[in-house]
Amino acid sequence: MSALTLTLREQPGHGLDVSLLTPDRLRGLSPAAISALPLCNGNRRLQLSSLFDISGNDAQQLVILNSSRHLHGIGSGMTSGHIRIEGDCGNHLGQGMINGTIETSGNSGHWTASGMRDGIITVAGNCGNFAGGALPGDRQGMRGGTLLVHGNCGDRTGDHLRRGYILVAGNAGAYCGSRMVAGTIAVLGKVGPEPGYAMKRGTLLLCEVPGMLPATFNDCGIHNLGFLHLLTRSIAALDSRFAGQNTGKYRVHRYAGDLAVDGQGELLVWV
Amino acid sequence: MIINGVTIDETYAEAFGMKATRIVITALNHRWARHAAAAMTGFATSVIGCGIEAGIENELAAGETPDGRPGVSVLMFGMSARDLEKHLEKRVGQCILTSPTSAVFAGMSAEKTINLGKNVRYFGDGYQISKLIDGRRFWRVPVMDGEFLAEESTGYCSAVGGGNFLVLAESQAQALTACEAAIDAMLDLPNVIMPFPGGVVRSGSKVGSKYKALPASTNQAFCPTLKGLTQTALSDDIESVMEIVINGLEETDIRRAMRAGINAVCTLGADSGIRRVSAGNYGGNLGKFHFHLREIMA
């Protein structure tokens, strides 16, 4: 069996909802049934075969080639399997994903991994805003799993994060970890203004003191925190800049906050 | 069967089914990991009076522990999972949480689990923090020397408790020397503990007593000072008897430990005043595990 491969014939000039395309939903479908799957394009429906060339038959290993930033919702709600995306992808990548793995060679749009429950999403490029964050109206962002971003993230990364890891090898924008409820965000680069804004609990792990820390964070001093040994060893297992960097280091400067809400969160900076 | 002049009795040790768990205690160095483990496994010689039986299994190098610090692994045995959990939580709270620089982790992964740090976390008075790492939940409890890190739960399994053998010698000193040699030979074995002080017990018991309140009492058949008074199991030349009790995760672990211990005793031999090796049993009616000495030493 070879991986089920969908090759986008040409870059669409508009948004296309491809949330139907997950390994678990495609498993067991005949090539004809896959070709006839309806994709929402605005208020019109197009057959999958009108946009993609289809080859291979192993739906558990789904490959999307020549992908576009207009393909939204790839891997939404998927429960198992693996999706490999060559190129960029649109918003809502892996939204509500229950398990499985997604990797994209390009950038992803906004709300990547929003509502994700388990599994791993790897973005080789950059992420838009609200990576792992909550959709408008939702009270929780990511609820488990790991989002690994090799590049940079936009604003509001991990907004309302409930559980899981968001690992950013590059920089993160403003309000990183805003309204966090729990979970862990680690950023190897710089973060924008107001990190941890209104965070209730959870850990924001940084390599350098942010330029603009909210006034509602209090300095708790420099400490050895044993759990970091476990945490860094766990994330070092991922194929990224996190492997090796700070692995085993557990001495950090601890800032507690956001005291405007509950103050049970923490911003840790490696020293 | 006679090994190096030591008679191996045609008898067996009778052991019981128990529940067991393993935990890993770490600290800044081995000294403090051992302090915590020693406190935690103190007063845990017999379920009869202590509720559980516990002991240090072995020392762990920094690279072998979850948090990369020196540690020790501890085995704990109880008659039920509930008993085990009750005493484990108490001892984590009173002996490990209180010990400087300590942390505690599950040493056994199993489908069935019992609480380890789940309730101890409340010592944090609301400042405790949870971390889920690789599917395992840990609690960070702020304490005066920094943070106490405890895994939420640990696995437990069915195990065997009460494997034993008796060393019968011409003198008290010779019996003790032989037992020390046996313990030295058994200390490095995995999956077993010898829960009594130094691994040796001098007050082997029988079931019941003339006093109704006591579930167990002295085993007069092996008491040398009662040789002329009771139906004795001792010959005239035996002046002292000591016992080594072994708890293990599996039957084979106990067999291996008994063989190593008895071998060490027999190596000293009759020239060192060791006359016999025997075992304690209750007629085969109480425990489902029977360890026949001659089979083990064959």
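Remember, it's a predicted structure, so these values are computed and weren't measured experimentally. Per chain, residues are indexed from 1 in the order of the written sequence. Naming scheme: in the order in which they are written, chains are lettered from A and ligands are numbered from 1. Restriction of local features to residues with pLDDT of at least 70 applies here, the model being predicted, together with a cutoff of 80 or more for giving and counting side-chain atom pairs; totals for whole chains, interfaces and linings are based on all residues.

1. Comments concerning the nonpolar core
For clarity, the threshold we go by: We define the nonpolar core as any set of buried residues of the types Ala, Val, Leu, Ile, Met, Phe, Trp, Tyr and Cys, connected via C-beta atoms lying within 7 Å of each other. Burial in this document is a count-based property: other C-beta atoms within 10 Å of a residue's C-beta are tallied, and the residue is buried at 20 or more, exposed at 12 or fewer, or partly exposed in between, with C-beta positions derived from the backbone. Domain start and stop points were drawn from an automatic or database domain assignment. Two residues form a contact once the distance between their C-beta atoms, set from the backbone, is within 7 Å.
Residues Val149(A), Leu167(A), Ile25(B), Ala150(B), Val167(B), Ala178(B) and Val265(B) are the most contacted members of the largest nonpolar core, which totals 151 residues. Taken together, domain 1 (2-15 + 159-297) and domain 2 (19-157) of chain B each give at least three residues to this core, which thus spans both. If sequence neighbours within four positions are ignored, Val167(B) has contacts with Ala175(B), Ala178(B), Cys179(B), Val241(B), Met242(B), Val265(B), Ile274(B) and Val277(B).

2. Observations regarding the packing of helix 4 (residues 172-186) of chain B against helix 5 (residues 251-268) of chain B
Residue and element names in this part refer to chain B. Threshold: Here, axes are lines fitted to C-alpha atoms. For helices the fit covers the stretch in contact, and angles between N-to-C directions go from 0 to 180 degrees. A run of DSSP states H or I qualifies as a helix once it reaches four residues; a run of E qualifies as a strand once it reaches two. Both are numbered from the N-terminal end. Any angle that falls under 35 degrees is termed roughly parallel, while one over 145 is termed roughly antiparallel, one within 65 to 115 roughly perpendicular, and all others oblique. Left-handed describes a crossing whose near helix is turned anticlockwise from the far helix through less than a right angle; right-handed describes the clockwise counterpart. The nonpolar class holds Ala, Val, Leu, Ile, Met, Phe, Trp, Tyr, Cys and Pro. Asp, Glu, Lys and Arg form the charged class, and all remaining residues, Gly among them, are polar.
Packing of helix 4 against helix 5 leaves a shortest axis separation of 8 Å and a crossing angle of 140 degrees. Relative to helix 5, the element helix 4 lies oblique. In this structure, helix 4 meets helix 5 at a crossing whose hand is right-handed. Residues Ala178, Ala181, Ala182, Asp184, Ala185 and Met186 of helix 4 form the contact with helix 5, whose participating residues are Ala257, Ala260, Gly261, Asn263, Ala264, Val265 and Leu268. When grouped by side-chain class, the residues that make up the contact of helix 4 with helix 5 number ten nonpolar, two polar and one charged.

3. Overview of the domain arrangement of chain B
Residues and elements named next belong to chain B. Domain parsing of chain B yields domain 1 (2-15 + 159-297) and domain 2 (19-157). For domain 1 and domain 2, the distance between their C-alpha centres works out to 30 Å. Residue-level contacts link 13 residues of domain 1 with 13 residues of domain 2. Residues that form the side of domain 1 that touches domain 2 fall into these classes: ten nonpolar, two polar and one charged.

4. Regarding the packing of helix 1 (residues 30-40) of chain B against helix 3 (residues 81-96) of chain B
Residue and element names in this part refer to chain B. At their nearest, the axes of helix 1 and helix 3 sit 9 Å apart, and the two run at 135 degrees to each other. The pairing of helix 1 with helix 3 is recorded here as oblique in orientation. As helix 1 runs across helix 3, the sense of the crossing is right-handed. Residue-level contacts link Ala36, Ala39 and Met40 of helix 1 to Arg91, Cys95 and Ile96 of helix 3. Taken together, the residues of the contact of helix 1 with helix 3 sort by class into five nonpolar, no polar and one charged.

5. A short note on unusual backbone geometry
All names here are of chain A. With omega at 0 degrees, the peptide bond leading from glycine 257 into aspartate 258 counts as cis. Mapped onto the elements of the fold, aspartate 258 is located in the loop between strand 16 (251-257) and strand 17 (265-270). Phi at tyrosine 175 is positive, roughly 55 degrees, even though this residue is not glycine. Of note, tyrosine 175 is situated in the loop between strand 12 (163-168) and strand 13 (184-187). On the neighbour-count criterion, tyrosine 175 (25 C-beta atoms within 10 Å) is buried. Unlike most non-glycine residues, arginine 179 shows phi in positive territory, near 55 degrees. Note on placement: arginine 179 falls in the loop between strand 12 and strand 13.

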